[in-house]
Amino acid sequence: MSEDQKLHQVAKKIFEKMMAYPSPYGFNFSYSPERSWDGRAEYLFLTINPQAKEHDKLVTKQILWPEDNDFFTENDNNTFQIKKPVQAICYELSRLAHIRECEKASPLEAAKIFTNNHMILASFVPFRTENEKDIDENMKQFAQNEYWGEIFKV
């Protein structure tokens, strides 16, 4: 089994554990699409945790990987307050990394190309909360041991 296959297998097991975790607002396994997790990623960009909005209590569908990177998609569910700063950071990283396919692209397109092909975007604590103060010790332990602890073993 290749390392990519191992990583995808571990990700699926972690996702199942997240589905069973009692979180009123749900979670985000990753903001990056599955293709970002195929072993090409050289960078890992972590936010603290996904922030919840009141309407997130109604969210029932959880997915392992979004179809496209959540920080670069335009849809009703994409309400990230930090969207623009993350895009700017990804663009600067694409410039510093001298990625050929990014050189002639617009800043937003360069950031998207770089992020989808060279970076994984996720949260350290995958569970949504209304604010950082609501992250409890169990969520932190899950993130450290069951989520990132398992991923980093691969």
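What counts, and at which threshold
Residues numbered from 1 in each chain as written. Predicted model: local features only at pLDDT ≥ 70, side-chain atom pairs only at ≥ 80, totals over all residues. Heavy atoms only, no water. Helix = DSSP H or I, 4+ residues; strand = E, 2+ residues; numbered from the N terminus. Polar contact = N/O pair within 3.5 Å; in protein donor to acceptor, adjacent residues only side chain to side chain. Contact = heavy atoms within 4.5 Å. Patch = residues over 30% accessible without salt bridge, like charges linked within 9 Å, V, L, I, M, F, W, Y side chains within 5 Å. Areas by Shrake-Rupley, 256 points an atom, 1.4 Å probe, with all protein chains shown as cover. Salt bridge = Lys/Arg side-chain N within 4 Å of Asp/Glu carboxyl O. Lys, Arg positive; Asp, Glu negative; His and termini not counted. Charge placed at Lys NZ, Arg CZ, Asp CG, Glu CD. Expected span 1.5 Å × (residues − 1). Buried < 20%, exposed > 50% of the residue type's maximum accessible area, 1.4 Å probe, protein only.

Enquirer: Describe the side chain of Ser30, listing the residues and the values that go with them.
Expert: Along the chain, Ser30 falls in the loop between helix H1 (3–20) and strand E1 (43–47). A distance of 2.9 Å separates the side chain of Ser30 from the backbone nitrogen of Ser32, its partner in a polar contact. Of note is the side chain of Ser30, whose polar atom sits 3.4 Å from the backbone oxygen of Leu121. When residues no more than four places from it in sequence are discounted, the contact partners of Ser30 are Trp37, Leu64, Trp65, Pro66, Asp70, Leu121, Ala122 and Tyr147.

Enquirer: Break down the side chain of Asp68 for me, with residues and values.
Expert: If you trace the backbone, Asp68 turns up in the loop between E1 and helix H2 (83–97). Separated by 3.0 Å, the side chains of Asp68 and Arg35 make a polar contact. With near-sequence residues (within four places) excluded, Asp68 lies in contact with Tyr31, Pro33, Arg35, Thr73, Lys112 and Asn116.

Enquirer: Residues and numbers for the environment of Ala97, please.
Expert: Relative to the helices and strands, Ala97 resides in helix H2. Aside from chain neighbours lying at most four places away, what touches Ala97 is Tyr43 and Phe114.

Enquirer: Lay out a negative patch on the surface with the relevant residues and their values.
Expert: Taken together, the side chains of Glu130, Asp134, Asp136 and Glu137 make up a negatively charged region of the molecular surface. Looking at where Glu130 falls in the secondary structure, it is placed in the loop between strand E2 (119–123) and helix H4 (137–153).

Enquirer: A description of helix H3 (residues 107–118) should follow, citing residues and the corresponding values.
Expert: The end-to-end C-alpha separation of H3 is 16 Å, in line with the 16 Å expected for 12 residues at 1.5 Å each. Taken together, the buried positions of H3 are Ala110, Ala111, Ile113, Phe114, Thr115, Asn116 and His118. Tucked inside the fold, the buried residues of H3 contact E1, H2 and E2.

All quantities given are derived from atomic positions and should not be read as evidence of function.
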